[in-house]
Amino acid sequence: MTLYNFIGRTKPEWMHISFDFPFVFSVQGKSGNCTVTLLSGPSLLSLMVETENGVNDLATLRNEILPSVRAVFDSYTYLKGQPIEIEITGAVNTVTNELNVFYDAVQEIADEEDKRPVDMEKVIRLAIMTPELRYALSNLHDAMIFPDKTGLHCYRAIESIWQSFKHDEAGNDKEKKAWNDLRKALRIDKSWLTPLASHSKLNRHNEVWEASGQERVALMKRAWTVIDRYILYLINDKKGLPEHHEILQGAELLPSTLNS
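This report concerns the structure included in the present document. Since the model is a prediction, treat every value here as computed from it, not as a measurement. (Residues numbered from 1 in each chain as written. Predicted model: local features only at pLDDT ≥ 70, side-chain atom pairs only at ≥ 80, totals over all residues. Heavy atoms only, no water.)

1. Concerning the packing of helix α5 (residues 150-162) against helix α7 (residues 190-204)
Viewed as axis vectors pointing N to C, α5 and α7 meet at an angle of 120°, and their least axial separation amounts to 7 Å. With respect to α7, the element α5 is oriented oblique. Handedness of the α5/α7 crossing: left-handed. Side by side, α5 and α7 meet where Gly 151, Leu 152, Cys 154, Tyr 155, Arg 156, Ile 158 and Glu 159 of the first sit next to Leu 193, Leu 196, Ala 197, His 199, Ser 200, Asn 203 and Arg 204 of the second. Here the contact of α5 with α7 is composed, by residue class, of 7 nonpolar, 4 polar and 3 charged. (Axes fitted to C-alpha atoms, helices over the stretch in contact; angles between N-to-C directions. Helix = DSSP H or I, 4+ residues; strand = E, 2+ residues; numbered from the N terminus. Parallel < 35°, antiparallel > 145°, perpendicular 65-115°, else oblique. Left-handed = near helix turned anticlockwise from the far one by under 90°. Contact = heavy atoms within 4.5 Å. Nonpolar A, V, L, I, M, F, W, Y, C, P; charged D, E, K, R; others polar.)

2. Quick look at the side chain of Ser 200
Along the chain, Ser 200 falls in helix α7. Residues in contact with Ser 200, not counting those within four places in the same chain, are Gly 151, Leu 152 and Tyr 155.

3. A short note on the layout of surface pockets
For the second largest pocket, the calculated volume is near 580 Å³. Arg 116, Met 120, Val 123, Leu 137 and Trp 224 are the residues nearest the centre of the second largest pocket, which is lined by 19 residues in total. At the level of elements, α2 (107-110), α3 (120-129), α4 (131-145) and α8 (213-235) are the ones that each hand at least two residues to the lining of the second largest pocket. A breakdown of the residues in the lining of the second largest pocket according to their chemical character gives 14 nonpolar, 1 polar and 4 charged. (1 Å grid on protein atoms, 1.4 Å probe; cavity = no way out; pocket = protein on both sides within 12 Å on 5 of 7 lines; lining within 4 Å. Points joined across faces, edges and corners; volume = space filled by probe spheres on them.)

4. With respect to the sheet that holds strand β3 (residues 32-41)
The 6 strands are arranged β2-β3-β4-β1-β5-β6 in an open sheet whose pairing can be described as antiparallel. In this open sheet, the two strands that pair with only one neighbour each are β2 (23-29) and β6 (99-101). Sheet twist, expressed as the average angle between the axes of neighbouring strands with direction ignored, equals 25°. Of the strand pairs in this sheet, β2 and β3 are connected by 7 bridges, and their pairing is antiparallel. Bridge pairing in β3 links Val 24 to Thr 37. (Pairing = 2+ DSSP bridges.)

5. A word on α4
Along its 15 residues, α4 runs 21 Å from first to last C-alpha, staying within 8% of the 21 Å computed at 1.5 Å per residue. Listed as buried for α4 are Leu 133, Ala 136, Asn 139, Leu 140, Asp 142 and Ala 143. The inward-facing, buried residues of α4 abut α3, α5 and α8. (Expected span 1.5 Å × (residues − 1). Buried < 20%, exposed > 50% of the residue type's maximum accessible area, 1.4 Å probe, protein only.)

So this is what it looks like as structure tokens:
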């Protein structure tokens with residue numbers, strides 16, 4: 001057995017949330033089976049996590065226990081009417097005393113900042129003026145923050161911009177036409193959106209969604225690319241992208257990933 005102490009905090013910090021007894025629960029994931037003991041004091045959070053074997057990737061272990069930890073505080077919100085945010089900032093291996101600090105930034109996305117079609121100021125101004133883009137950016141943010149819902153939020157970002165292609169037309173084909181118009185304007189083949197849609201279905205149907213870090217990054221990069229093209233579409237006065245933009249296509253995320 002190996003014992004890790006995950007440390008974090010709750011927000012708002014002025015809310016002193018504490019429990020009279022520790023919560024103990026089990027979690028099973030890619031890191032194996034583990035037992036979690038949750039202790040909460042004023043703005044502080046401590047999670048003693050006991051695993052059957054040593055874990056090399058503590059960030060993945062954190063992501064696996066995080067939904068259950070959130071359930072504790074979502075229950076508090078349900079009863080008290082006070083929304084609570086939690087943040088797990090680090091973990092200590094109690095055997096080696098090694099400290100791991102967590103950063104929610106996705107380095108693979110950060111490394112592609114120069115590929116974004118506009119700078120910070122332009123994005124901000126477009127987001128303020130365009131509700132669909134504003135909602136899409138919010139979902140991209142949540143795709144990073146909620147690792148068990150990355151697929152859902154990535155696809156919701158696409159659905160957000162899809163709304164701007166819907167028009168007040170009669171008939172049952174309005175939604176289908178909006179998807180066709182989106183793909184045509186942004187030069188995106190339907191296959192490019194397939195893994196985003198399929199990975200969102202598990203969350204929508206309240207099924208457990210497990211994905212590796214590589215899969216999460218692949219989904220995010222795919223969604224980011226679609227939003228890049230939507231921003232270009234907005235800059236171009238909502239005209240379709242010119243032909244020098246290659247058509248995005250292909251459903252395969254990773255060689256080992258099965259996409260339905």
